Amino acid sequence: MKDTPTVQASVRLGRYLRDNPVIPLIAFLLLLIVALEIMKPGMIMPIRVGRNGIFSTFWIGNLIKFAIPLAMLAACQVLTMLTSGIDLSAGVVATVAAFVCATASPLVGVGPSILIALSAGALVGLVNGIGSGIIRVHPLIMTLGTGLIATGCLQVYQRFVISTGTEIPGFLLWLGTGRTLGMPNGLFLFIPFAIGILGLMRYSGFGRLLFALGSNEHAARLSGVRSWQVLVALYVLSSIIASLAGLLYLGMIRTPSLSLANPLLLPSVAAAVIGGTSIFGGRGSFGGAIVGALILRVIDTLLTLLQMPQGARIMIFGLIILAVTAMYVRITGQR
Amino acid sequence: MTNVQHSNPILDAASIAKSFGPVRALTDARLRVSAGEIVALLGANGAGKSTFVKILTGALSPDYGRVLIRGKPANVGSPAKARASGLIPVYQEPSLIPDLSVFENLRLSGTSVEPFLEFVTKLGIEDIRLEDEITSLPLATLRILDLGRALASNPQVLLLDELTAALPTDLVENVLKVVREQADAGCGVIYISHRFSEISLLCDRASVLRDGQTVGELVIKPGVEEHVVELMLGAKIDLYQREGLSSALPNSSTPRLSIKSLSAEPKLEDVSFNLYSGEVLGVVALEGQGQDELFEILSGFRRQTSGAIELNGNLVSFAHPADAIAKGLMFVPGDRADALLAERSVHENIALPFSAAGSSWGPLKRRFENERVKHAIEKLQIDTRAQGEVRRLSGGNQQKVTIARWLAKGVETLLLLDPTRGIDVRTKRQIYRLVRELATQGAAVLFYTSELGEIPLACDRTIVIFNGRVVDIIDAKDATEQVLMRAAYGLERQGTEA
Amino acid sequence: MSELVRKNTWTLGLLALFLVLLAFTKTIQTNFGVSGLESLARAALPFAFATAGMAVVVIVGGIDLSVASIMAVCSVIAAVSMPVVGGVAGILIVLTLGTVMGAINGGVIVATKVPDIVVTLAMLFVWEGVALLILETPGGQASDWLQASIQGSIFIPGLPKALLVIAIVVSVVWLPIRRSQLGLSIYATGSHEIAAFRSGVSVGVTRIWAYSICGLFCGFGGLSLVSLTGIGEPVPGPYLLASVAAVVLGGVVLGGGRGGLLGPIIAVFVLRIIRTILTLAGVDPNITTIIEGTVMVSVVMLAAIFTYRGGRA
Amino acid sequence: AADYKIGVSNTVQGNGWREQMICAMRAQALVEPDVSGLIVSHRNTDSAGQLEDLNNLIAAGVDAIVLNPSNPDALNSAIDNAISKGIVVVAVDAGVTAKGAYILSNNQEKYAYLGAKWLFEKLGGSGDVVYMRGIAGVSADTDRDNGFKRALAEFSGINVVHEVFTGWQQDQGKQQIFDFLATGIHFDGVWTSGIDNVIVDAFVESGAPLVPIVGADNAGFVQYLTAVDGLEGAAVTNPGSVGGAGIALAVDILNGNAPTETTVLVDPVLWENTTADGRAVIEAAQNPNLDPEWPVSVTVPGWTDYSMDQIIACKGPSS
Ligand SMILES: Nc1ncnc2c1ncn2[C@@H]1O[C@H](COP(=O)(O)OP(=O)(O)OP(=O)(O)O)[C@@H](O)[C@H]1O
Ligand SMILES: Nc1ncnc2c1ncn2[C@@H]1O[C@H](COP(=O)(O)OP(=O)(O)OP(=O)(O)O)[C@@H](O)[C@H]1O
Ligand SMILES: [Mg+2]
Ligand SMILES: [Mg+2]
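Keep in mind the model is a prediction, meaning the values are calculated, not measured.

> How should the overall build of chain B be read in this particular structure?
The helix and strand tally for chain B stands at 16 helices and 20 strands. Whereas a compact globule of 498 residues would reach a radius of gyration of roughly 23 Å, chain B reaches 23 Å, a difference of no more than 12%. Expressed as lengths along the three principal axes of its C-alpha atoms, the size of chain B is roughly 70 × 50 × 45 Å. Here chain B holds 498 residues, and the buried ones make up 61% of them. Carbon and sulfur atoms make up 48% of the accessible area of chain B, which totals about 19300 Å².

Laid out in structure tokens, this is it:
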């Protein structure tokens, strides 16, 4: 048995970190960036000769650019995980929105095609919401199933538009590939979006209900919450977010493939959990997920540039995720 | 402070300290139990009793302190080790595995079946089947099974943490009898309860905790109660003062709530009564007489099979708790685990109903909420040291949060299902005062309690439910425990007709 | 007896569904027979083992996202080691290493207190990397008798060897454990961890055991992959989501404490035969995907509707 | 006319090349007078899953199976079984080792060799190149790696400064090239295994000076070869329509016109935009209406008989 408890500076620091778990995450992100700089000197430095001249935000701009769609999909996971759900259809929904938008544009014009794309996504969300909110199918199965169904529908749809060509709306290109002051234009979408999500989670009645449902649904019902309404709205919202991310991704990648955003699904779950969101519900932070997305992107870069066998790269990717979350759990003392 | 002779204690714990982050649950706790002795562990909500029990039985590890068993340093590093040393607890939360059968639960803890069945029968649960799944059993039965399992594990020291809080009167009697017998057979018992009637009947000695520190040890004898309370609270309090005035005028107006021949599967047969605004109507019943169904129907959790509910003279029916709340019927369930968001803050728990309706999904009204929540916390004197997460509050303070929620929202009709379960004397008084005050302001309160002594202290009238029917309506001033007890068992009152 | 039926309603329902689907298969393809059954059982083999492993960790209250990756490691180890040390030794090595990988998953979860889903998500990458390090491209060679051991029928035509393999392995591994104190502890931990801890269960050890059992089943899964293909493939196959789906379809509750292994394995067969039917009927492959998703969702929906009052949802 | 039922098995879904292959199979089956039905198994799975699909096709009573094998060695049990039942088996795009199966495949080794050799020559025999591969552990990637290494061995002055797996995913390839551009490490050319137009995009978007890029004949990239100023590059053909050729071959064999060799390799062709002749070839080949992921070589001359409209309609005989 240990000594009598005394309050020391280290204890107080520990407590501070526990109450602000994003701080150690950011510290870890910086650590990774330093490692990157050591590995490829001059890479992250804003001032250097070389690409884009004396003052270059090339690298940091790229980092942020590719982290944005990931962070948006992570928002889908954070929000649904708050209610102890998950949205495994988010990747497919993003792909559907992107593909539909690109192929419908030449046929019906840009505005309508975006509307169609968002509605297609929202439809998947509505089905998810009805399935998990009203019929009470486990969200994991529900969203997995709708993801499969949506993939199938996309394949069928694809056969009708092989020869119509594709067109990517100009402002999506501007959002996806353009830069302002060296920073990606995607931020014009993402900053308001992030403020909206953070506000929704912290300062809105809807956000409070998400936490409540994940913490104790019975208690929420007792307080007069009609949980099915909340869940239906949640899954529709999640799908709309995923569709927006898909549209942005379309502008970034500029090739509407049938699996465009699917590879972002697992990383989006990873970003959410690295950021401190619990899949058992009731606890989560979008700020953490954003940092999580940045961390994943830096690891990606790090591993792309490391010259080693592919197996070792994949392995290190896994080990770093493990290390981040283990450290996080140690510091915050919560799981 | 009386000094007590300890001849050869079985269990001797001293200088126990435990902190949860900033909360110092125990600072200097001590306790000794000898064979054959029943020691009451007393203290206000949050004093550290449960933490103490958890430490003694290996469920928590102390920051500091020493535990001796029969004079030798003991290893209570895990529940399994404590169990092996003969320290057998019954924790306040049911600790049986929900998805396993009774038999599998026994097998899991290595308890033999025959003594278990014997004890359980003796405790008054006769229809138990070993293949029953725990989830399918009512709370009171679970408490008895928990105790039966503990008794069948050959305890040297039995630690009972508020075992009787969720039990109806008849079962409590059995428990006291069996625990006494166990002590007479040489077992040491540590007994935690907030009910003085039980303490004075059962216990030999009391050890009092205040703010994590043992502040006194004394022998139980008549008249010691006042002293105990003073030690517990650090202040005097009148135990038997009736709160407020009887304010109801039952026959002068239409009732707020009129229940007509309500029935529901499986227990509720045919219940009718009126609840007037301005009154606190008690409900007295033994375990499982239909009171749970009654409260569930009134709060919108289930539908009646027949019968009608009239609110201010209008027929109503509820498809969802939200409907009941919209009509001003607020429900506090008996099991606080059903009502609380364990990982969320006290504030969020209390403010939850403000956001429930679809129309309030938008921005929170911070200022408005803060005021209401603060008022409710002050009114109920909730200990908010660990307010970041409700699960870190002590049981009693959690209980208060479930009531504070409706206080903040504003109630017209309050449905309380055993609200003083596991609450200390001072808080109980606060709750009596609170319901009286609400009634004076025009609210109607339906108040079920498993502790019969509370009826005259808080209510105006009481109905007695037996076998799913109202068998008696008794005026609070006539409601002695004997009268209520007879009625609760379905025996007719002498002299008068119901 | 009626108690037995009541407790296993869901499993029996699934079995009935499977038999109906089997009969339906026969009607759309009249010469569907012994060899059809045999190939159905063979196709189910890796899914069944992945699902059995997943079921055990779901029962203990966790989830293992790395099953497919562990199977990939096991398959490459088998294919690399068998030409060197022979079939039997190869099998023993694979099963041991499978169990060890599972134990590592469980050990990391218990030691770091990081949630199961996160640890196994990370381990999904780690094990995939390991598989690629062992064998960069598909290759190696499984023992011939191993490949033969799952071909054809045994005793009577129409009792596929592969089915027997599943039945024997699962019952030899799981039934003794299920009956033992460990099995009880696994269910107890999944049902209510704190209560289990207070009842004297070492929940950490129990979890590690559950993950080890999962690893062992993944070892069998890896072996069945090499038996089917004759080589080892380092890229994980589509077993993760399929096994989660089969586990839920089979009546195991995500969150732990409830369900068994029989239901999920029957669910695997249901999912497999649906694919067979769709192929035999010549349904457009894109629509096949839609139908598979729809069937999965609607079966679970039906379960949710029927058991709504039972409080399973 | 005969009444053949043909089964198709494919294990990668959601990628333009494979979609074109399937459409070519359908279109060819439609124009073959002897084919009455086509059953397609088309999903994402591994070799074990492909075995399942093959066995299901056998159970469905097909006369021939045309498959894109996930692995040359893994499918032998099902292929042997099919051949023993008299079913004609044709592997397209990659080979299989089973005896008696016909192989009609794009020559992947040569595909990589051609492009790499052009690039290295373009660089004058010395310089630094970025090597962007497909999926580690997949046989097409391994074959291409062999071809690339063969070319590399012929040019001692060429140095691979960066080797990475795109996973044949557009977004990954784009991120990776951005990451590499950010390091500022110098390089003179890019060889990429089919993820190509996004690489050009990355250069244009980041303002980096273009270097010679070798890709495949995907519609998007081929268009860039004529449309992007300053882009020097080459597209190596890798027609997905080889699937249609596989159907034609299967029908020939069923009709008793089996080729003498069981392996028929379709050799790739290189189109480059640095000479006038080359540009003319590219101009003629490109088709801006096509899905950018589809290879522009929608037919295999001498093998396939369908029209452009028919492959785009993507309709088989039974659907
Ligand atoms: N896990 C925990 N984290 C933080 N604080 C805790 C935790 N457990 C207990 N506490 C705090 O320790 C104090 C003592 O709690 P404990 O439950 O032991 O009190 P108690 O005497 O049992 O009270 P009651 O009569 O209400 O049951 C309380 O203030 C409680 O909030
Ligand atoms: N496994 C656990 N981990 C963390 N904290 C726990 C755990 N189990 C119990 N606690 C905490 O221990 C404290 C004691 O809770 P408990 O409900 O037993 O209090 P109590 O003293 O019985 O209260 P009361 O007398 O008011 O009923 C609570 O704060 C609870 O949150
Ligand atoms: Mg207590
Ligand atoms: Mg308590």
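> Can you help me understand the pattern of salt bridges in this one?
One pass over the structure, following the stated rule, counts 53 salt bridges over all chains. The closest approach of N and O atoms between B:Asp270 and B:Arg469, which form a salt bridge, is 3.8 Å. Note that B:Asp270 is positioned in strand 12 (residues 268–275) and B:Arg469 in strand 20 (residues 469–475), a separation of 199 residues in sequence. Accessibility expressed as a relative area gives 31% for B:Asp270, which makes it partly exposed. Taken together, the shared-partner salt bridges connect C:Arg272, C:Arg275, C:Glu292, D:Arg43, D:Glu52 and D:Asp53 into one network.

> Is there a simple way to explain the domain arrangement of chain B in this structure?
In many reports, interface size means the accessible area that the parts give up when they come together. Residue and element names in this part refer to chain B. When the domains of chain B are assigned, the result is domain 1 (11–233) and domain 2 (257–488). Computed from C-alpha atoms alone, the centre-to-centre distance between domain 1 and domain 2 is 29 Å. With 24 residues of domain 1 at the interface, the matching set in domain 2 holds 22 residues. A buried area of about 1900 Å², summed over both sides, lies between domain 1 and domain 2, and 55% of it is on carbon and sulfur atoms. Linking domain 1 to domain 2 there are one salt bridge. Residues Arg-195 and Glu-451 are paired through a salt bridge, measuring 3.2 Å at the closest nitrogen-oxygen approach.

> Would you explain the site of ligand 1 in this entry?
Residues and elements named next belong to chain B. What surrounds ligand 1 is a group of 20 residues, the closest being Gly-46, Gly-48, Lys-49, Thr-51 and Arg-392. In the model, an oxygen atom of ligand 1 is placed 2.6 Å from a nitrogen or oxygen of the Gly-48 main chain. In this structure, Arg-392 approaches ligand 1 through a main-chain N or O atom, which is 2.5 Å from an oxygen atom. In isolation ligand 1 exposes 620 Å². Once the protein is present, 91% of that is buried. The biggest single contributor to the shell around ligand 1 is helix 1 (residues 49–56), with three residues. Partitioning the shell around ligand 1 into residue classes produces six nonpolar, nine polar and five charged.

> Would you take a moment to explain the arrangement of the chains for this structure?
Across the five pairs of chains in contact, the largest number of contacts is found between chains A and D. Between chain B and chain D there is no contact, and the shortest C-alpha to C-alpha separation is 37 Å.

> What should I look at first to understand the packing of helix 4 (residues 67–85) of chain C against helix 6 (residues 116–134) of chain C in this one?
Packed helices, taken two at a time, are described by their axes: the angle between them and the distance between them. Residues and elements named next belong to chain C. Helix 6 packs onto helix 4 with a crossing angle of 20° between their chain directions and a minimal axis gap of 8 Å. Taken together, helix 4 and helix 6 sit at an angle that is classed as roughly parallel. Relative to helix 6, the crossing made by helix 4 is left-handed. Only Leu-124, Trp-127, Glu-128, Val-130, Ala-131 and Ile-134 of helix 6 make contact with helix 4, whose side of the interface consists of Ser-69, Ile-70, Ala-72, Val-73, Val-76, Ile-77 and Val-80. Grouping the constituent residues of the contact of helix 4 with helix 6 by class yields eleven nonpolar, one polar and one charged.

> Explain the state of the cysteines here, please?
Think of a disulfide as a covalent bridge from one cysteine sulfur atom to another cysteine sulfur atom. Residue and element names in this part refer to chain D. In this structure the tally under the stated criterion is one disulfide over all chains. What pairs with Cys-23 in a disulfide is Cys-314, and their sulfur atoms sit 2.0 Å apart. Between Cys-23 and Cys-314, the S-S dihedral sits near -85°, and the bridge is therefore left-handed. With Cys-23 in helix 1 (residues 16–31) and Cys-314 in the segment after helix 11 (308–313), this residue pair connects regions lying 291 residues apart in the sequence. Looking at Cys-23, the relative accessible area reads 1%, which means it is buried.

> Please clarify how the pairing of strand 8 (residues 188–192) of chain B should be interpreted in this entry.
Put simply, side chains in a regular strand alternate between the two faces of the sheet. Residue and element names in this part refer to chain B. The buried fraction of strand 8 amounts to five of the five residues, a majority that puts the element mostly inside the structure. Neither face of strand 8 is exposed, since Gly-188, Ile-190 and Ile-192 on one face and Val-189 and Tyr-191 on the opposite face are all buried. In the sheet, strand 7 (residues 157–161) pairs with strand 8 via five bridges, with the strands oriented parallel. Across the sheet, residue Val-157 finds its bridge partner in strand 8, namely Gly-188. Tracing the backbone out of strand 7, into helix 6 (residues 169–184) and back to the parallel element strand 8 gives a crossover that is right-handed.

> What should I look at first to understand the packing of aromatic side chains in this one?
For any pair of aromatic rings, the description rests on two quantities: the centre-to-centre distance and the angle between the ring planes. This model, assessed by the stated rule, comprises 21 aromatic pairs over all chains. Plain terms: the ring middles of A:Phe99 and A:Tyr157 are 6.2 Å apart, the flat faces sit at 80° to each other, and that makes the pair edge-to-face. One end of the pair, A:Phe99, is in helix 4 (residues 90–108); the other, A:Tyr157, is in helix 6 (residues 139–160), and 58 residues separate them in sequence. Given a relative accessible area of 25%, A:Tyr157 falls into the partly exposed group. Taking 5.5 Å as the distance between ring centres and 50° as the angle between the ring planes, the aromatic pair formed by D:Phe180 and D:Phe187 counts as tilted. Among the aromatic side chains, those forming a connected cluster through ring pairs are D:Tyr111, D:Phe120, D:Tyr131, D:Phe148, D:Phe155 and D:Trp191.

Basis of the calculations
Residues numbered from 1 in each chain as written. Chains lettered and ligands numbered in written order. Predicted model: local features only at pLDDT ≥ 70, side-chain atom pairs only at ≥ 80, totals over all residues. Heavy atoms only, no water. Helix = DSSP H or I, 4+ residues; strand = E, 2+ residues; numbered from the N terminus. Rg over C-alpha atoms; globule rule 2.2 N^0.38 Å. Buried < 20%, exposed > 50% of the residue type's maximum accessible area, 1.4 Å probe, protein only. Areas by Shrake-Rupley, 256 points an atom, 1.4 Å probe, with all protein chains shown as cover. Salt bridge = Lys/Arg side-chain N within 4 Å of Asp/Glu carboxyl O. Domains from an automatic or database assignment. Contact = heavy atoms within 4.5 Å. Buried area = accessible area lost by both parts, 1.4 Å probe. Near = heavy atom within 4 Å. Polar contact = N/O pair within 3.5 Å; in protein donor to acceptor, adjacent residues only side chain to side chain. Nonpolar A, V, L, I, M, F, W, Y, C, P; charged D, E, K, R; others polar. Axes fitted to C-alpha atoms, helices over the stretch in contact; angles between N-to-C directions. Parallel < 35°, antiparallel > 145°, perpendicular 65-115°, else oblique. Left-handed = near helix turned anticlockwise from the far one by under 90°. Disulfide = S-S within 2.5 Å. Pairing = 2+ DSSP bridges. Right-handed = clockwise from strand over helix to strand, strands pointing away. Phe/Tyr/Trp six-rings, centres within 6.5 Å; stacked < 30°, edge-to-face > 60°.

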